[in-house]
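Chain and residue survey
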Protein chains: 6
Amino acid sequence: MPYVNIKITDEGVTKEQKAALIKGATELLQKVLNKNPATTVVVIDEVNTDNWGIQGEQVTELRKK
Amino acid sequence: MPYVNIKITDEGVTKEQKAALIKGATELLQKVLNKNPATTVVVIDEVNTDNWGIQGEQVTELRKK
Amino acid sequence: MPYVNIKITDEGVTKEQKAALIKGATELLQKVLNKNPATTVVVIDEVNTDNWGIQGEQVTELRKK
Amino acid sequence: MPYVNIKITDEGVTKEQKAALIKGATELLQKVLNKNPATTVVVIDEVNTDNWGIQGEQVTELRKK
Amino acid sequence: MPYVNIKITDEGVTKEQKAALIKGATELLQKVLNKNPATTVVVIDEVNTDNWGIQGEQVTELRKK
Amino acid sequence: MPYVNIKITDEGVTKEQKAALIKGATELLQKVLNKNPATTVVVIDEVNTDNWGIQGEQVTELRKK
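Residues numbered from 1 in each chain as written. Chains lettered and ligands numbered in written order. Predicted model: local features only at pLDDT ≥ 70, side-chain atom pairs only at ≥ 80, totals over all residues. Heavy atoms only, no water.

1. Concerning the interface of chain C and chain E
In many analyses, interface size is given as the accessible surface area lost on bringing the parts together. Quick reminder of the rule: Residue contacts are counted whenever heavy atoms from the two residues lie within 4.5 Å of one another. The buried area of a pairing is the accessible area, by a 1.4 Å probe, that goes missing from both parts when the two are put together, added over both. By salt bridge we mean one thing: a side-chain nitrogen of Lys or Arg within 4 Å of a carboxyl oxygen of Asp or Glu.
Across the contact, 15 residues belong to chain C and 14 residues belong to chain E. Note on chain C versus chain E: buried area summed over both sides is about 1,200 Å², and carbon and sulfur give 53% of it. Three residues stand out in chain C for area buried against chain E, namely Lys-15, Ile-22 and Val-43 of chain C, and they jointly supply 40% of the buried area on that side. Counting across the chain C and chain E interface gives one salt bridge. Measuring nitrogen to oxygen at the nearest pair gives 2.5 Å for the salt bridge that ties Glu-61 of chain E to Lys-15 of chain C.

Here it is as structure tokens:
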């Protein structure tokens, strides 16, 4: 029944990589807490680098440095 | 003042269906908790089926089965 | 498969009211989008009135006015 | 280490405005709680006006009134 | 820089289990997307079983069946 | 109409500091995007340091170093 939300920057993540994140997060919850994969939900949000900030700056700008 | 976030897969939801979700969620909060519709906020997120996992698999793949 | 998150202020919501929110939100998704209740997840967050702001003020203070 | 999520309607927000939101939120956490900007994360979500409701109505419709 | 939010029911999760979830999620992002652990944030929310619904019912009630 | 969610560790944040975060975030949205404070919502989540991870470790442990 767990719900996992993964937010990452939108920088060319492939369908296969997303599948690996979903599989890995579901297995992690099963291994650590014995949660049932049948009702484990994983949602991946891809965020534009203009919309993600760290250190007070947009990732778009940090990538240029 | 409530805030409701509805996450669904991005599979052709129409503007009218979104309006029905917003109206329905707002009415639910008013009916159950007497919350004021004027400040009830509803946000709908549509998520690509590659980015939504359940049972450790992408919905994109589950839809094919 | 939808995920619904309802955030409300923590002001004496009863177990029965929470059950009504969960039932109502699940039925709304079924009625509007034909979503399967078996995998519809609803999570309610109750937030202290000191931690909820609107109009730039804490709800705790707004309640006194 | 704080995480700030800002949800706004998707109505022509510029890259410069997003940078100002990121800078301002990071500075706010530093000023009020002495949080380290190096690990303060800000994520901005732009939401279609069809997907944002208040007063039980879509913002798209409210904008027409 | 990823942000991972794990929501689980509040049913006696130990500090060690939480540490394992944090370590596992951080390693998953590093393995799949080569993300830097130094800025990967993981937040775990424990939700009362009265506040978590699936199948239109509170987990508190489902646990009794 | 914006919605701002601020997640911080639960380490003795005072009511006055929360009020300052709410006021500051509301003013930021007004200044940068001319958003109406009357419908700007700010929600602060305080997270136990056992439940917050960075660098693959719990903040509880990082604080000891």
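2. A few points about the interface of chain A and chain E
Put simply, the test is: Contacts described as polar in this section are N or O atom pairs within 3.5 Å, which, within protein, must combine one atom able to donate a hydrogen with one able to accept it, while residues neighboring in sequence count only if both atoms come from side chains. Secondary structure counts use DSSP, requiring at least four H or I residues in a row for a helix and at least two E residues in a row for a strand, with both numbered from the N terminus.
Listed as interface residues are 26 residues of chain A and, on the opposing side, 26 residues of chain E. Taken over both partners, the interface formed by chain A and chain E buries close to 2,100 Å², and the fraction arising from carbon and sulfur atoms is 76%. Run the count over chain A and chain E and you get five residue pairs in polar contact (both at pLDDT 80 or more). Top contributing element to the side of chain A that touches chain E by residue count: helix H1 (residues 15–33) of chain A, with nine residues.

3. Describing the UniProt feature "domain: 4-oxalocrotonate tautomerase-like" (unreviewed entry) in chain A
Heads up, the condition is: UniProt positions are given in the numbering used here, feature names are shortened, and annotations may be inferred rather than shown by experiment.
Following the UniProt record, one finds the feature "domain: 4-oxalocrotonate tautomerase-like" (unreviewed entry) at residues 2–60 of chain A. Helix makes up 36% of residues 2–60 of chain A and strand 32%, with an end-to-end C-alpha separation of 32 Å.

4. Topic: the sheet that holds strand S1 (residues 3–9) of chain D
The criterion, for reference: One bridge is not enough; two strands pair if DSSP finds at least two bridges between them. Only C-alpha atoms enter the line fits that serve as axes; for helices the fit covers just the stretch in contact. Angles between N-to-C directions range over 0 to 180 degrees.
The strand order across the open sheet built from eight strands is S4(A)-S3(A)-S2(D)-S1(D)-S1(F)-S2(F)-S3(C)-S4(C), with neighbouring strands paired in mixed fashion. Each having just a single partner strand, strand S4 (57–58) of chain A together with strand S4 (57–58) of chain C make up the two edges of the open sheet. Where S1 of chain D meets strand S1 (residues 3–9) of chain F, five bridges bridge the pair, whose relative direction is antiparallel. Looking at S1 of chain F, one finds that Asn-5 of chain D is bridged to Asn-5 of chain F. In this fold helix H1 (residues 15–33) of chain D packs onto strand S3 (52–54) and S4 of chain A, S1 and strand S2 (41–47) of chain D together with S1 of chain F, with an angle of close to 140° to the strand it touches most, S2 of chain D. The sheet contacts of helix H1 (residues 15–33) of chain F involve strand S3 (52–54) and S4 of chain C, S1 of chain D together with S1 and strand S2 (41–47) of chain F, and relative to S2 of chain F the element is tilted by about 140°.

5. Re the packing of helix H1 (residues 15–33) of chain B against helix H1 (residues 15–33) of chain C
Rules: In these notes the angle categories are as follows: under 35 degrees is roughly parallel, over 145 is roughly antiparallel, 65 to 115 is roughly perpendicular, and the rest is oblique. Take the far helix as the reference: if the near one is turned anticlockwise from it by less than a right angle, the crossing is left-handed, and if turned clockwise, right-handed.
Between H1 of chain B and H1 of chain C, the shortest axis-to-axis distance is 10 Å and the interhelical angle comes to 160°. When the interaxial angle is binned, H1 of chain B and H1 of chain C end up roughly antiparallel. Between H1 of chain B and H1 of chain C lies a crossing of right-handed hand. Across the interface between the two elements, Gln-17, Ala-20, Leu-21, Gly-24, Ala-25, Leu-28, Leu-29, Val-32 and Leu-33 of chain B of H1 of chain B pack against Gln-17, Ala-20, Leu-21, Gly-24, Ala-25, Leu-28, Leu-29, Val-32 and Leu-33 of chain C of H1 of chain C.

6. Considerations on unusual backbone geometry
Phi at Gln-55 of chain A takes a positive value of approximately 60°, unusual for a residue other than glycine. Along the chain, the position of Gln-55 of chain A falls in the loop between S3 and S4.

7. Considerations on empty space enclosed by the protein
Keep this limit in mind: Here a cavity is any set of points on a 1 Å grid over the protein atoms alone where a 1.4 Å probe fits but cannot get out, and a pocket is any open set with protein on both sides within 12 Å along at least 5 of 7 lines; a residue lines the site when it has an atom within 4 Å of a point. Grid points are joined across faces, edges and corners, and a volume is the space filled by probe spheres set on the points. Amino acids outside the nonpolar list (Ala, Val, Leu, Ile, Met, Phe, Trp, Tyr, Cys, Pro) and the charged list (Asp, Glu, Lys, Arg) are all regarded as polar, and Gly is one of them.
This structure, assessed with the given rule, holds four cavities of 30 Å³ or more. Space inside the largest cavity adds up to approximately 290 Å³. Taken together, 18 residues form the lining of the largest cavity, with Asn-5 of chain B, Asn-5 of chain C, Asn-5 and Lys-7 of chain D together with Asn-5 of chain F sitting closest to its centre. Within the residue set of the lining of the largest cavity, elements represented by two or more residues are strand S1 (3–9) of chain A, strand S1 (3–9) of chain B, strand S1 (3–9) of chain C, S1 of chain D, strand S1 (3–9) of chain E together with S1 of chain F. Considering only residue class, the lining of the largest cavity consists of six nonpolar, six polar and six charged.

8. A few points about the relation of the copies chain C and chain E
Copy one and copy two of the chain differ by a rotation about a common axis and a shift along it. What counts is decided by this rule: The copies are overlaid by a least-squares fit using only the C-alpha atoms of residues whose pLDDT is at least 70 in both copies.
Taken as rigid bodies, chain C and chain E are interconverted by a rotation of 120° and an axial shift of 0.0 Å, the fit giving an RMSD of 0.0 Å. Accordingly, the operation relating the two chain copies is best matched by a three-fold axis. Of every C-alpha in chain C, the one belonging to Asp-45 of chain C sits nearest the axis of rotation, 5.8 Å from it.

9. Comments concerning the pairing of S2 of chain D
Two faces belong to every sheet, and in a regular strand the side chains alternate between them. What counts here: Only protein chains enter the accessibility calculation, which uses a 1.4 Å probe; a residue is then buried when its area is under 20% of its type maximum, exposed when over 50%, and partly exposed in between.
Burial within S2 of chain D is extensive, with six of its seven residues counted as buried. With three bridges joining them, S3 of chain A and S2 of chain D adopt antiparallel strand pairing. Residue pairing in the sheet places Gly-53 of chain A in a bridge with Val-42 of chain D of S2 of chain D. Alignment of S1 of chain D against S2 of chain D, held across seven bridges, turns out to be parallel. Within S2 of chain D, the position partnered with Ile-6 of chain D by the bridge is Ile-44 of chain D.

10. What about the sheet that holds strand S2 (residues 41–47) of chain E?
The sheet built from eight strands is open, its strands ordered S4(B)-S3(B)-S2(A)-S1(A)-S1(E)-S2(E)-S3(F)-S4(F) with mixed pairing. Whereas interior strands pair on both sides, the edge strands pair on one side only; in this sheet they are strand S4 (57–58) of chain B together with strand S4 (57–58) of chain F. Along the sheet face, H1 of chain A touches S1 and strand S2 (41–47) of chain A, strand S3 (52–54) and S4 of chain B together with S1 of chain E and points at about 140° away from the line of S2 of chain A.

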